[in-house]
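# Structural characterization, general
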Amino acid sequence: MVQHNKLRKAVFPVAGLGTRFLPATKAVPKEMLTVVDKPVIQYVVDEAAEAGIEHFVFVTGRGKGVIEDYFDIQFELEQTLKARNKNAELTLLSGLLPKAGSASFTRQQEPLGLGHAVWCARDIVGGEPFALLLPDMIMRAEKGCLKGMAELYEKTGGNVIAVEECAPDQAHKYGIVGVGEQLEGGFRITEMVEKPARGTAPSNFFINGRYILQPEIFAILETQERGAGNEIQLTDGMLKLAKTQAFAGYHFKGQTFDCGAKDGFILANVSFAIERADIRPMIEEPLKALLAALK
């Protein structure tokens, strides 16, 4: 174990417009689209809570007020449930509600990229290490991705990035890391390359949307020049931070669903539904019939 500050806070950048899900996202934030019966953002917050996160920081934008409402009590709904003796539903809702004062919300007034969204959380995070969870990505494994990262952080300190393996011929589509010294549960990161040219990737390990970062990243992002897409890129900031601080890669071996894309969202709904004992009996045979029709 090494000496380091405790990981207590997590940042969720939820200001994105969700244009890939129009027209639904014209009125409903993409983070509030449901996988079975829970919003996408709830799965990501649950993952953070499993890892011991105590303070949840949401970087929102215009039209995202429903996210803040979701993580609050709903008096009329709860009174109606009580009057109808819907105790199971009341218990479910109370179990999802963050403790008073444990959720904070700040605005990203302009869509200037992930790096800028992270920087918007600087005053709430302060001088502490923090987790960053991209809200489009839902992950499933026996041990949550962030929990595994937090365990690696306990041993290494510094910065930790979750990575997964892709087919080598697909590496040009992702942010790829170089593999160094092996660690229990991961390895030292030697380099980071955003969408390397075909045949030049240092490995087939790609960054999957989960990070543990030290607060020095904020000072870097504050003066960060715009990069790809004319946005402030987090990867550019991490490359600068890596010159003075160590980065480790946590090798996540579970399932990841990109719910920011239609195919990932649909697959997540099917996958989570068939794992539910109350739902699988109703959909198993219809799903088999649909698959048979594809042949």
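The structure this text deals with has already been given above.
Throughout what follows, the structure given in this document is the object of discussion. (Residues numbered from 1 in each chain as written. Predicted model: local features only at pLDDT ≥ 70, side-chain atom pairs only at ≥ 80, totals over all residues. Heavy atoms only, no water.)

## What to know about the nonpolar core
In this structure, Phe12, Phe58 and Leu146 are the most contacted members of the largest nonpolar core, which totals 32 residues. Put simply, the parts of the chain that give this core at least two residues each are β1 (9–13), α1 (40–50), β4 (55–60), β6 (130–133), β7 (137–140), α7 (145–156), β8 (159–165) and β12 (247–251). Core analysis: the second largest hydrophobic core is formed by 30 residues, Val125, Met192, Leu213 and Leu241 among them. (Core = buried A, V, L, I, M, F, W, Y, C linked by side-chain atoms within 4.5 Å. Buried < 20%, exposed > 50% of the residue type's maximum accessible area, 1.4 Å probe, protein only. Helix = DSSP H or I, 4+ residues; strand = E, 2+ residues; numbered from the N terminus.)

## Things to note about the layout of surface pockets
Within this model, the second largest pocket holds a volume of roughly 520 Å³. Along the wall of the second largest pocket there are 24 residues; nearest its centre are Pro39, Gln42, Tyr70, Leu93 and Leu96. Of all the elements, helix α4 (residues 87–96) adds the most residues to the lining of the second largest pocket, at three residues. Taken together, the residues of the lining of the second largest pocket break down into 13 nonpolar, three polar and eight charged. (1 Å grid on protein atoms, 1.4 Å probe; cavity = no way out; pocket = protein on both sides within 12 Å on 5 of 7 lines; lining within 4 Å. Points joined across faces, edges and corners; volume = space filled by probe spheres on them. Nonpolar A, V, L, I, M, F, W, Y, C, P; charged D, E, K, R; others polar.)

## Focus: α1
Within α1, eight of the eleven residues are buried, leaving the element largely enclosed by the surrounding structure. The positive-phi residue at the C-terminal boundary of α1 is glycine 52, with phi of around 95°.

## Remarks on the pairing of strand β11 (residues 205–213)
Note on strand geometry: in a regular strand, side chains alternate between the two faces of the sheet. Here β11 lies mainly inside the structure; nine of its nine residues are buried. Pairing of β6 with β11, which is carried by four bridges, proceeds in the antiparallel orientation. In the strand pairing of β11, phenylalanine 130 is matched with leucine 213. Both β8 and β11 contribute to a ladder of five bridges, which runs antiparallel. (Pairing = 2+ DSSP bridges.)

## Details of the pattern of salt bridges
Oppositely charged side chains can pair when the atoms bearing their charge come close. The final tally for this structure, using the stated rule, is 15 salt bridges. Residue glutamate 151 pairs with lysine 143 through a salt bridge whose shortest N-O separation is 2.7 Å. On the basis of relative accessible area, lysine 143 is assigned to the partly exposed category, the value being 35%. Here the salt bridges do not stand alone but share partners, grouping Lys6, Arg8, Lys9, Glu54 and Glu128 into one network. (Salt bridge = Lys/Arg side-chain N within 4 Å of Asp/Glu carboxyl O.)

## Some remarks on the packing of helix α3 (residues 75–83) against α4
Where α3 contacts α4, the axes come no closer than 8 Å and their chain directions differ by 150°. The angle between α3 and α4 falls in the class roughly antiparallel. The way α3 lies across α4 gives a crossing that is left-handed. Of α4, the residues touching α3 (which contributes Leu77, Glu78, Leu81 and Lys82) are Glu89, Leu90 and Leu93. When its residues are assigned to classes, the contact of α3 with α4 shows four nonpolar, no polar and three charged. (Axes fitted to C-alpha atoms, helices over the stretch in contact; angles between N-to-C directions. Parallel < 35°, antiparallel > 145°, perpendicular 65-115°, else oblique. Left-handed = near helix turned anticlockwise from the far one by under 90°. Contact = heavy atoms within 4.5 Å.)

## As for the pairing of β12
Across the five residues that make up β12, a large majority, five, are buried. Across three bridges, the pairing between strand β10 (residues 186–194) and β12 is antiparallel. If you follow glycine 186 over to β12, its bridge partner there is tyrosine 250.

## Some details on the environment of valine 270
Here valine 270 lies in helix α10 (residues 262–274). With a relative accessible area of 32%, valine 270 lands in the partly exposed category.

## A short note on the state of the cysteines
Summed over the entire model, instances satisfying the criterion amount to zero disulfides. In this model cysteine 166 remains outside any disulfide bridge; the closest cysteine sulfur is found in cysteine 145, 16 Å from its own. (Disulfide = S-S within 2.5 Å.)

## Observations regarding the side chain of asparagine 159
When you line up the elements, asparagine 159 lands in strand β8. A polar atom in the side chain of asparagine 159 sits 2.9 Å from the backbone nitrogen of glutamine 214. (Polar contact = N/O pair within 3.5 Å; in protein donor to acceptor, adjacent residues only side chain to side chain.)

## Considerations on the packing of aromatic side chains
Tallied over the entire structure, the rule returns eleven aromatic pairs. Residues phenylalanine 21 and phenylalanine 265 carry aromatic rings whose centres are separated by 5.4 Å and whose planes lie at 75° to one another, so their mutual orientation is edge-to-face. With phenylalanine 21 in the loop between β1 and β2 (34–35) and phenylalanine 265 in helix α10, the pair connects residues that are 244 residues apart, well separated along the chain. Since its relative accessible area comes to 11%, phenylalanine 21 is described here as buried. What makes phenylalanine 265 buried here is its relative accessible area of 15%. With 4.9 Å between their ring centres and 15° between their planes, phenylalanine 58 and phenylalanine 105 make a pair best called stacked. With phenylalanine 58 in strand β4 and phenylalanine 105 in strand β5 (residues 103–107), the pair connects residues that are 47 residues apart, well separated along the chain. We classify phenylalanine 58 as buried; its relative accessible area is 0%. (Phe/Tyr/Trp six-rings, centres within 6.5 Å; stacked < 30°, edge-to-face > 60°.)

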